[in-house]
Amino acid sequence: MVEPSEPTWLVLDGYEDEPAAFGVPPYVGFHIRYVCGVLEQHKIPYTYMTIDQFRQQKRQDPEGVNRWISAQLGCICIAGAVVPGKYLRGAPISLRETQELIRSLPSGMPALFGGWAIRGWKQQGWTPLRANLFLAVQDTDATLNHYLTKHEWKHQRRTAEQWTAWAHAGATSQAVTLHPDLATSERPGPLTYEVEVYQGCVRYKRGCKFCIEPKKGVPIWRTPEDIIQEVKLAHDSGVEHVRLGGMTDTYTYMAEGVKELEYPVPNPEPIAKLLHGLRDDERLGILHTDNGNPSIIAENLEPSEAITKTLVETLSDGAVLSFGLESADPSVHEANWLNCDPAQLKSAIRLINQYGRERGARGLPKLLPGLNFIAGLNGETKATYGMNMDLLREIRSEGLLLRRINIRQVEGEGFQEIPSDAFTAFKTECREEIDRPLLEELFPLGETLRDIHWEAHDGRTRLPAHHEKQHTEQAVRGKAGITFGRQIGAYPILIGVKYKIPLETQSDIIITGHGARSLTGVERGLNPTSITEKQLAAIPGIGDKTAWGLISARVRSQRKKGDPFPYESVEEWFKTAKTPYLEAFEPFFSEIMRVE
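The model shown is predicted, which means the values in this text are computed figures rather than measured ones. (Residues numbered from 1 in each chain as written. Predicted model: local features only at pLDDT ≥ 70, side-chain atom pairs only at ≥ 80, totals over all residues. Heavy atoms only, no water.)

## Quick notes on the overall build of the protein chain
Phase 1: Along the protein chain, the regular secondary structure elements total 20 helices and 21 strands.
Phase 2: Its C-alpha atoms give the protein chain a radius of gyration of 26 Å, within 12% of the compact-globule value 25 Å for 596 residues.
Phase 3: Projecting the C-alpha coordinates of the protein chain onto the three principal axes gives extents of approximately 80 × 65 × 50 Å.
Phase 4: The burial tally for the protein chain puts 57% of its 596 residues in the buried class.
Phase 5: Considering only contacts within the protein chain whose residues lie at least 6 apart along the sequence, 74% involve residues at least 24 apart. (Helix = DSSP H or I, 4+ residues; strand = E, 2+ residues; numbered from the N terminus. Rg over C-alpha atoms; globule rule 2.2 N^0.38 Å. Buried < 20%, exposed > 50% of the residue type's maximum accessible area, 1.4 Å probe, protein only. Contact = heavy atoms within 4.5 Å.)

Listed below in structure tokens is the structure:
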């Protein structure tokens, strides 16, 4: 345990994951940055740590961690996930871990816990007893500011001025500069800066019953200038990649008639000002956004078309607009106050497809819709799932593309039991009949995907051991095993390669196969002078036996001629090994780089 010489406040990032907010690595969430911004503003020393870093420290030296905690000034933790999901790069803090942390704090130490997971646990009856412990159910940052100013705990909401001040201060705080995913001069980093554009939902009067966003009330916008300045400060701190979060609907940013109209009218000017202003900074890498409301788009096609064109012009390819249909059943729609019906959904999907299908520099369509289904909503019957499949078939029969179909079960109380057989059959049917063909169309065999960031070996979850040299040094390249990685951005598809690649590096791949919801690939431009048997075997058309023959032929020729690569071309190498050289092999090999 590395112990600071002076006591500080511990700021523990338990990762947030909300319907309109990402904070699980490689994302850094905005609520944890606001907390750091408050401490920066008060000039109070603090130590930022992710929950994964904290777990690793506890494994290595549990007693040392406890001693260190007991010497600190206080503890602040943003906890956790309210959206169920599978995580590759990190996992949000659990209720059990939160309870263990609280028990480890010295009696009387000021401790503040916030985030939507905390609110959910509290609503379910969780009331840990401990002196000077406070569970924030409003804005954690404003609650902390009140405590530091007034020396009392009280639920608080931030003002517009505080929002700007803490967002800007947080952009240069330890939550950014000390985040383990921030790029350095030695290695690329996938850190993606989640920036809050607005709070709330335009359906605040009668929003979806299962969602937390309408509970936040009337949308409160931040200005384009405010957001652009925050991101500029983040770039100054080393940030490259940005995602526009906090938005329940990209199309209703600063929309007109929010308080009066059922379908507020999108306003193309402010979103264009924001997007172009962000893109004008040459330091910006990937830029993505998230949610879109299909009913708003469908009922306001002309302004929505203008916004869609702006999104395609400014966002990085691979951008996804998540559309929350939730159910195609009109009874479920009515019972749960859902946000769009199938007709509106199809109209919105057509518009996004019209402008977003074109592929960009990284090999992905520029902008496509994603589609969300939720099981267990009130009014659902076995017939509901047939309606969902019928809608999906209609969408595909028109040749329309969906980047992802997310099927999950409703969380919380007040909903009904899921008919498990029908639900399982729907998921299976959707994956086989819809997902698989979509995957093959979106990611054709032989196409190149660029800038894959490699994250894990031999399993789809990054482990603490993956930070060690045997997983990150160049010596691992080409050895036996599997490497998993993704492109940077929202909802990237998982890619597996059947050999080891140093983790926390990036490379381009050629697509060689399709899984249920993932891809298989081989790196593009492998060096023929050092390519390994496992790398060769992964190339379609070569295989294990031929790969061994090629390596054996290269070794024999090396011994005979004393040359690392004693051939004039890759074709000659294959000929020497009595192996046909196919034109399809060419993209997998780089030019021969001879050392003079």
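Resuming the write-up.
## Notes on the pairing of strand S15 (residues 367-375)
Phase 1: Along S15, nine of the nine residues are buried, which leaves the element largely enclosed by surrounding structure.
Phase 2: The alternating pattern of S15 places Leu367, Pro369, Leu371, Phe373 and Ala375 on one face and Leu368, Gly370, Asn372 and Ile374 on the opposite face, and all of these are buried.
Phase 3: Looking at chain direction, strand S14 (residues 319-326) and S15 are connected through seven bridges and run parallel. Bridged to Leu321 within S15 is Pro369.
Phase 4: Across six bridges, the pairing between S15 and strand S16 (residues 404-409) is parallel. Bridged to Ile374 within S16 is Arg408. (Pairing = 2+ DSSP bridges.)

## A short note on the environment of Gln474
Phase 1: Inspection of the secondary structure assignment puts Gln474 in the loop between helix H17 (469-472) and strand S18 (483-487).
Phase 2: Considering only alpha carbons, one finds Gln474 and Lys500, 26 residues apart in sequence, at a separation of 9.8 Å.
Phase 3: Look past the residues within four positions of Gln474 in its chain and what remains in contact with it is Pro502 and Thr505.
Phase 4: In terms of polar contacts, Gln474 uses its side chain to reach the side chain of Arg477, at 3.0 Å. (Polar contact = N/O pair within 3.5 Å; in protein donor to acceptor, adjacent residues only side chain to side chain.)

## Quick notes on the sheet that holds strand S20 (residues 506-514)
Phase 1: Around the barrel, five strands lie side by side as S17-S18-S19-S21-S20; this closed barrel has mixed pairing. When the angles between neighbouring strand axes are averaged without regard to direction, this sheet yields 55 degrees. (Axes fitted to C-alpha atoms, helices over the stretch in contact; angles between N-to-C directions.)

## Section: the packing of aromatic side chains
Phase 1: All chains considered together, the criterion is met by 20 aromatic pairs.
Phase 2: Centroid distance Phe22 to Tyr27: 5.1 Å. Interplanar angle 70 degrees. Geometry classified as edge-to-face.
Phase 3: The exposure class assigned to Tyr27 is buried, which follows from its relative accessible area of 7%.
Phase 4: Here the aromatic rings of Tyr567 and Trp573 are separated by 6.4 Å at their centres, their planes lie at 20 degrees, and the arrangement is stacked.
Phase 5: Looking at Trp573, the relative accessible area reads 0%, which means it is buried. (Phe/Tyr/Trp six-rings, centres within 6.5 Å; stacked < 30°, edge-to-face > 60°.)

## Some words on the pattern of salt bridges
Phase 1: By the definition in use, this model includes 34 salt bridges.
Phase 2: Salt-bridge contacts for Glu230 lead to Arg33; the nearest nitrogen and oxygen are separated by 3.2 Å. Here the residue Glu230 occupies a position in helix H9 (residues 224-236), and Arg33 occupies one in helix H1 (residues 30-42), the gap between them amounting to 197 residues. A single burial state applies to Glu230 and to Arg33, both of which are buried.
Phase 3: Asp236 serves as the salt-bridge partner of Lys232, at 3.7 Å between the closest nitrogen and oxygen. In this pair, Lys232 and Asp236 are both assigned in helix H9, four residues apart and thus about one turn of the helix distant.
Phase 4: For Lys232, a relative accessible area of 37% translates into the label partly exposed.
Phase 5: Asp236 sits in the partly exposed class, given a relative accessible area of 45%. (Salt bridge = Lys/Arg side-chain N within 4 Å of Asp/Glu carboxyl O.)

## Focus: the sheet that holds strand S11 (residues 241-245)
Phase 1: Read from one edge of the open sheet, four strands run S3-S8-S11-S12, paired in parallel fashion. Only two strands of the sheet have a single neighbouring strand rather than two, namely strand S3 (27-28) and strand S12 (287-289).
Phase 2: As defined by bridge partners, strand S8 (residues 192-196) adjoins S11 across five bridges and the pair is classed as parallel. By the bridge assignment, Glu196 is partnered in S11 with Gly245.

## So, the nonpolar core
Phase 1: Counting 129 residues, the largest nonpolar core has Leu244, Leu392, Leu536, Trp573 and Phe589 as the members making the most contacts within it.
Phase 2: Broken down by element, the residue count for this core peaks at eight residues, all from helix H16 (residues 420-442).
Phase 3: Tyr15, Ala111, Ile118 and Leu135 belong to the second largest nonpolar core, which has 26 residues in total. (Core = buried A, V, L, I, M, F, W, Y, C linked by side-chain atoms within 4.5 Å.)

## Examining the packing of helix H15 (residues 382-397) against H16
Phase 1: Contact pair H15 / H16: the axes reach a minimum separation of 9 Å and the direction vectors enclose 10 degrees. Classified by the angle between their axes, H15 and H16 sit roughly parallel to one another. Here H15 contributes Lys382, Tyr385, Asn388, Met389, Leu392, Arg393 and Arg396 to the contact with H16, which in turn contributes Ala422, Phe423, Phe426, Glu429, Cys430, Glu433, Ile434, Pro437, Leu438 and Glu441.
Phase 2: For the contact of H15 with H16, the class distribution of residues is 10 nonpolar, one polar and six charged. (Parallel < 35°, antiparallel > 145°, perpendicular 65-115°, else oblique. Nonpolar A, V, L, I, M, F, W, Y, C, P; charged D, E, K, R; others polar.)

## Focus on helix H6 (residues 140-150)
Phase 1: Burial analysis of H6 places nine of its 11 residues in the buried class, which makes it a mostly covered element.
Phase 2: Residues of H6 that are buried sit in contact with strand S1 (9-18), H1, strand S5 (74-81), strand S6 (111-114), strand S7 (133-135) and helix H7 (160-171).
Phase 3: Positive backbone phi, approximately 60 degrees, marks His151, located one or two places after H6.

## A few points about H9
Phase 1: In this model H9 runs 18 Å from its N-terminal to its C-terminal C-alpha over 13 residues, within 8% of the 18 Å that 1.5 Å per residue would give.
Phase 2: Turning to H9, its buried residues number three or more, namely Pro224, Asp226, Ile227, Glu230, Val231, Leu233, Ala234 and His235.
Phase 3: Packed against the buried residues of H9 are H1, H7, S8, S11 and helix H10 (268-279).
Phase 4: Positive backbone phi, at 105 degrees, marks Gly238, one or two positions downstream of H9. (Expected span 1.5 Å × (residues − 1).)

## Considerations on the side chain of Ser304
Phase 1: Turning to its location among the elements, Ser304 is positioned in helix H12 (residues 301-314).
Phase 2: Taking relative accessible area as the criterion, Ser304 reaches 0% and is therefore assigned buried.
Phase 3: The residues touching Ser304, leaving out its near neighbours within four places in the chain, are Tyr251, Pro266, Ile296, Ile297 and Leu351.

Just distances and angles here, no functional claims.
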